[in-house]
Structure formats: C-alpha cells, structure tokens
Amino acid sequence: MSFPQISGSSAHLLLIDDNIDELRLLVSALRDAGYRLSIAFDPMQGLRRAAALQPDLILLDVQMNSIDGYALCRLLKADAATAGIPVIFVTAAASLEERLTGLHGGAVDYVTKPFDPPEVLARVAIHLALRPDRAARKTPPPDADVPAQGTTDPAQRADQVLAQAAVDLLMSDLANPASLAAIAARLGTHEKRLSRVFREQRGETVFGFLREARLAKARRLLAQSLLGMEDIAAETGFSSGANLATAFRQRFGATPSAFRRSGAAVDPSSEAQRP
C-alpha cells in the first residue's frame, strides 16, 4: 500500500514538545524522510513560531508543563495566522476522552505514544497531501520568531489570540456555556487574566459578550425561523421562554412576539462575531 509523498524541499513541519528525549525518535524519522523541521520546547514559543514560520503542519504533544497541548491547539485555531495549519497530536494521552478533546479542539489527527515511525510518517504525508494550497501564502525568513501579522508586540498579540479563543469557545455552545474558570482552564490561563484581557480586547466582560451573543442568536431565530419561544430559549441557553422574553424586551425594546410580527430583518452588521 502506498501513501502520498511530500518532498522535504516543499514541506516544513513544526514540532512542539517540552520533552527533548521523547523528540529524538520523531525528529530522526522525519529528518530521514526529508522534511524540514523547526522545534519549539515551550508552548508559547511554539505559538509564536507557528505564526512566524507558517509551517505546513504542526506535531504537538499534550502533556507540557506550562499549558497543555489542548489549550495551545485552541489558541492556534483562534489566530487567523495559524488557524489553517493542520495539527496532529503525538502524545501518551491516549484515552477516548483525551482523543476526542484533541479532535474537538481542532486537531486533524491523533497519534499515541509509543508510536511506530512508519505510522507517523504515513499520517503526516496524508494530511500534507490534504492541506490547502499555500501558493499565495507569504513565507517568512527561516527561524523567525515574531508575529506574522497584526501587532508587533508579542504580549498584545497573545492577548488578542486569547480573547478570540474565548469567543470561539463561547460561540461553540451558547446553550451550555462553561464557567469562567472552565473557559480559562481550557485556554491555559486563569480567570483574572482572561477577564482583564477580554475586557481590554473586546470592551466588555466575558459574560456580557455571552449575553449579547445569545440575544443576537435569539433575534436571528425569531426573524428567520418558525421556532417557538421555548425552543429558541433552549437553543440560546435561557432557562425558559419567559426569561428569554424578558431579556429580549430589555435589550431590544420590543417583545419577541411583536418583533416577529413586525417582520424585522436581522441587521448583518450587528451579527459580527456572533454567528
């Protein structure tokens, strides 16, 4: 059985793992296969290098000291500069729950340790063959370690990515939002920092954003569907149709039934970042 082959001259991989000993076998196998490699031993260094180097694929461990690989993967997917780069977890975290967490966090594949090098090489080759065309992507200088776009301040850029990752988590399940502590933990930070960053970057609190997003979705469902109030409440995380109606009237100055009867259309500009 043959697998897609990508020449080393055209494929650049980024390995992110803080265990040097565990990297040796992987590095050896990938180098022997002709891939160009960059390595980050710290998750945040990996985040910066991914944005700067724009690799074709990232191989990422889960169990790292500062933040775990799941949190890092969410941050990579929240950054426009790195969202399209496929991520493969290579890790000893092998339970079904752990594998699903990685896949739901944006990874394209999951290889468990101890691994067989031919399996890793096959999976890498397959996902490289499936990757989007990067002909239009500008390649930065080798070994750059600066942001690829937006602000040149690494701390400011990290804050932007963190706020966007929090938005993505909230929007992924408006009906069952996680607690602030849980959101912070899933992004590898703490409540205080997340609250500060979100307010600075978004101009509102995390749950102020959540309330607006839920009401915006309710407004859209009222305008574009025939769902009843209880169903819309369930879709948007309100405990009942009555609670939704109260919040809706306070926010928009009209009851949901009056809004629906008016045939008002959703203003697309008001729905930005709140799909």
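Residues numbered from 1 in each chain as written. Predicted model: local features only at pLDDT ≥ 70, side-chain atom pairs only at ≥ 80, totals over all residues. Heavy atoms only, no water.

**Observations regarding the overall build of the chain**
- Within the chain one finds twelve helices and five strands.
- The buried share among the 275 residues of the chain stands at 45%.
- If you sum the accessible surface of the chain, you get close to 13500 Å²; carbon and sulfur atoms cover 52% of it. (Helix = DSSP H or I, 4+ residues; strand = E, 2+ residues; numbered from the N terminus. Buried < 20%, exposed > 50% of the residue type's maximum accessible area, 1.4 Å probe, protein only. Areas by Shrake-Rupley, 256 points an atom, 1.4 Å probe, with all protein chains shown as cover.)

**Let's talk about the packing of aromatic side chains**
- Per the stated rule, a full pass over the model turns up five aromatic pairs.
- Between Tyr-70 and Phe-89, the aromatic rings sit 5.5 Å apart at their centres with planes inclined by 70 degrees, giving edge-to-face as the arrangement. Residue Tyr-70 is located in helix H3 (residues 69-78), and its partner Phe-89 is located in strand E4 (residues 87-91); the two are separated by 19 residues in the primary sequence. Neither residue differs from the other here; Tyr-70 and Phe-89 are each classed as buried.
- Measuring from ring centre to ring centre gives 4.7 Å for Phe-248 and Phe-252, while their planes differ by 55 degrees; the resulting arrangement is tilted. Separated by four residues within a single helix, Phe-248 and Phe-252 lie in helix H11 (residues 241-252), roughly one turn from each other.
- Classification of Phe-248 by relative accessible area gives buried; the value is 0%.
- Residue classification places Phe-252 among the partly exposed residues on the basis of a relative accessible area of 27%.
- Among the aromatic side chains, those forming a connected cluster through ring pairs are Tyr-70, Phe-89 and Tyr-110. (Phe/Tyr/Trp six-rings, centres within 6.5 Å; stacked < 30°, edge-to-face > 60°.)

**A few points about H11**
- An ideal rise of 1.5 Å per residue puts 16 Å on twelve residues; H11 measures up with 16 Å between its terminal C-alpha atoms.
- Of all the residues in H11, the buried ones are Gly-241, Leu-244, Ala-245, Ala-247 and Phe-248.
- In the segment just after H11, Gly-253 is the residue with positive phi, at about 75 degrees. (Expected span 1.5 Å × (residues − 1).)

**Side note on the packing of helix H1 (residues 20-32) against helix H5 (residues 117-130)**
- It is at 10 Å that the axes of H1 and H5 come closest, and there the two elements cross at 60 degrees. Between H1 and H5, the angle is such that the two are oblique. As H1 runs across H5, the sense of the crossing is right-handed. Counting all contacts with H1, which are made through Leu-25, Leu-26, Ala-29 and Leu-30, the residues of H5 involved are Pro-117, Val-120 and Leu-121.
- Of the residues contributing to the contact of H1 with H5, the split by class is seven nonpolar, no polar and no charged. (Axes fitted to C-alpha atoms, helices over the stretch in contact; angles between N-to-C directions. Parallel < 35°, antiparallel > 145°, perpendicular 65-115°, else oblique. Left-handed = near helix turned anticlockwise from the far one by under 90°. Contact = heavy atoms within 4.5 Å. Nonpolar A, V, L, I, M, F, W, Y, C, P; charged D, E, K, R; others polar.)

**Points about the pattern of salt bridges**
- In this structure the tally under the stated criterion is ten salt bridges.
- Asp-61 is paired through a salt bridge with Lys-113; the nearest N and O atoms lie 3.8 Å apart. One end of the pair, Asp-61, is in the loop between strand E3 (57-60) and H3; the other, Lys-113, is in the loop between strand E5 (109-112) and H5, and 52 residues separate them in sequence. Per residue, the accessibility class of Asp-61 equals that of Lys-113, and both read buried. (Salt bridge = Lys/Arg side-chain N within 4 Å of Asp/Glu carboxyl O.)

**A closer look at the sheet that holds E3**
- The parallel open sheet is built from five strands, whose spatial order is E2-E1-E3-E4-E5. Two strands in the sheet have a free side with no partner beyond their single neighbour: strand E2 (36-40) and E5. Going from strand to strand, the sheet's axes swing by 20 degrees on average, the running direction of each strand aside.
- Relative to E5, E4 is paired through four bridges, and the arrangement is parallel. Bridge assignment links Thr-91 to a residue of E5, and that residue is Thr-112. (Pairing = 2+ DSSP bridges.)

**Things to note about the packing of helix H10 (residues 229-236) against H11**
- Contact geometry for H10 and H11: axes closest at 8 Å, N-to-C directions at 80 degrees. In terms of their interaxial angle, H10 and H11 are classed as roughly perpendicular. Residues Met-229, Glu-230, Ile-232, Ala-233 and Thr-236 of H10 lie in contact with H11, whose contacting residues are Gly-241, Ala-242, Leu-244 and Ala-245.
- Among the residues making up the contact of H10 with H11, the classes are represented as six nonpolar, two polar and one charged.

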